[in-house]
Amino acid sequence: SEALAHSEPISVMDAIHGWEGDYKAGERQYVWSRVETGVKMDNWGMGLQFRKDYSLTFSKDAAELFGAINNDKDLDAGRTYDVNLEANVIETTGLRFTRNDQMLPNLKTEFGLTLLKANYMIDGSFNGTALATGDKSYTYSAWADYAYTEDVLFERDVDSVTGYGFSLDAHVDWQFKPNWRLDLQARDLPGWVWWKDLPYTNASAVSAREHTEEDGFRTWDPLISGTESNYSRYKQTLPFKSSGDIYYSGWPITVAGGLSYQFSDLLPRVGAGWQRGDWSVMGWLWPRDKALGVDLRWKEWQVGFSMDNIVFDDAHFIAMNLAYRY
């Protein structure tokens, strides 16, 4: 199992719990996770996989406005907030089939095909402006264009829908020189899920009727005009993800550098560690996010954890993995 979470405007745990907590301007928030269990025989393997991919990109104004409303903070009266948001969310279960090869004595490869079934998704955008008419009030106009299995914006009642698709992945482990090793992984290259009779909304929304929330905010119920219908067929693209590390072990310690890429976000890292018998330890620094982490291996076990804050609830960056391979 493995997971990576990154949230620029607010901590990961605060984002999960309704955006209540310290916040700042930011433009990105995502979480992806994989849990898999299975068996391998010779060069073939099969496993059951559960995965979640959650990605939001938004304008800095959107993060500030949403943070202020959810934390009962004063708005900047008279300010116009440019609110832009794009979402790509999917939850799937699947059967993953793998093929492993020792193509050369120093080159190992693994290729995977995962057959996917999905029951939850959101894919689309929301764009508009909001005018702060007071410390606790605002008006707005917006345009929404998104497909979904649950209408989180306008609460339209929809029937359950199921999507089916597939994803390809690859892993290359290459000891290309005696002291040099390259480890490359790629996921969703490509990955698609097809939906039939999928609900969607293309509509504009403007402020209509004012009311006051429990926290004192005066807001406006929307006047909506546009289209609510269903796509006869809809293809959702799973965002490409990859990681790569290069290791040098010619010194008493092993040093490494690497990159991970997901949801159009590139994260560099550097590391150092050592190996003694069945044990290996690798420490990591993620310089852009000021995060520290460690990977531990013992025989068939591997566990890793990285974070940018010693307090879990305050972390904006969290990466973890746990594996047992026999």
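Please refer to the structure placed before this passage.
Now for a quick tour of the structure. (Residues numbered from 1 in each chain as written. Predicted model: local features only at pLDDT ≥ 70, side-chain atom pairs only at ≥ 80, totals over all residues. Heavy atoms only, no water.)

**Observations concerning the environment of Leu 4**
(1) Moving on: For Leu 4, the location among the structural elements is in strand 1 (residues 2–7).
(2) Moving on: On a C-alpha basis, the gap between Leu 4 and Met 320 in space is 6.5 Å, while along the polypeptide they are 316 residues apart.
(3) Moving on: Aside from chain neighbours lying at most four places away, what touches Leu 4 is Tyr 30, Val 31, Trp 32, Gln 262, Leu 267, Phe 317, Ile 318 and Ala 319. (Helix = DSSP H or I, 4+ residues; strand = E, 2+ residues; numbered from the N terminus. Contact = heavy atoms within 4.5 Å.)

**Some thoughts on the nonpolar core**
(1) Moving on: Ranked by internal contacts, the top residues of the largest apolar core, which has 25 residues, are Leu 65, Leu 75, Tyr 81 and Ala 130.
(2) Moving on: For this core, the elements supplying multiple residues, two or more each, are strand 3 (44–58), helix 2 (60–70), strand 4 (80–104), strand 5 (107–134) and strand 6 (137–148).
(3) Moving on: Counting residues in each nonpolar core, the second largest holds 13 residues, with Tyr 247, Leu 267, Trp 284 and Ala 319 among its members. (Core = buried A, V, L, I, M, F, W, Y, C linked by side-chain atoms within 4.5 Å. Buried < 20%, exposed > 50% of the residue type's maximum accessible area, 1.4 Å probe, protein only.)

**What about the pattern of salt bridges?**
(1) Moving on: Under the criterion given, the structure shown has 23 salt bridges.
(2) Moving on: Between Arg 99 and Asp 101 there is a salt bridge whose closest N-O contact spans 3.1 Å.
(3) Moving on: We classify Arg 99 as partly exposed; its relative accessible area is 28%.
(4) Moving on: One salt bridge connects Arg 288 with Asp 289, and the closest N-O pair in it is separated by 3.5 Å. (Salt bridge = Lys/Arg side-chain N within 4 Å of Asp/Glu carboxyl O.)

**Regarding the packing of aromatic side chains**
(1) Moving on: One pass over the structure, following the stated rule, counts 17 aromatic pairs.
(2) Moving on: With a centroid separation of 4.1 Å and 25° between ring planes, the pair formed by Tyr 200 and Tyr 231 is classed as stacked. Of the two residues, Tyr 200 sits in strand 8 (residues 180–212) while Tyr 231 sits in strand 9 (residues 218–237), which places them 31 residues apart along the sequence.
(3) Moving on: We classify Tyr 200 as buried; its relative accessible area is 14%.
(4) Moving on: By relative accessible area, which is 26% here, Tyr 231 ends up partly exposed.
(5) Moving on: Considering the side-chain rings of Tyr 231 and Tyr 234, the 5.0 Å spacing of their centres and the 35° angle between planes classify their relative orientation as tilted.
(6) Moving on: Chaining the aromatic ring pairs together yields one cluster made of Trp 174, Phe 176, Trp 180, Tyr 248 and Trp 251.
(7) Moving on: The ring of Tyr 247 carries the charged tip of Arg 181 above its face, separated from the ring centre by 4.4 Å. (Phe/Tyr/Trp six-rings, centres within 6.5 Å; stacked < 30°, edge-to-face > 60°. Lys NZ or Arg CZ within 6 Å of the ring centre and 35° of its normal.)

**Concerning the pairing of strand 2 (residues 28–41)**
(1) Moving on: Sheet analysis places strand 1 next to strand 2, joined by six bridges and oriented antiparallel. Note on strand 2: the bridge partner recorded for Ser 7 is Gln 29.
(2) Moving on: One ladder, built from 14 bridges, connects strand 2 with strand 3; its direction is antiparallel. For Val 39, the partnering residue across the bridge sits in strand 3 and is Met 46. (Pairing = 2+ DSSP bridges.)

**Some thoughts on the side chain of Ser 125**
(1) Moving on: By the element assignment, Ser 125 lies in strand 5.
(2) Moving on: On the basis of relative accessible area, Ser 125 is assigned to the buried category, the value being 18%.
(3) Moving on: Once residues within four sequence positions are removed from consideration, Ser 125 is found in contact with Leu 85, Glu 86, Trp 143, Ala 144, Asp 145 and Tyr 146.

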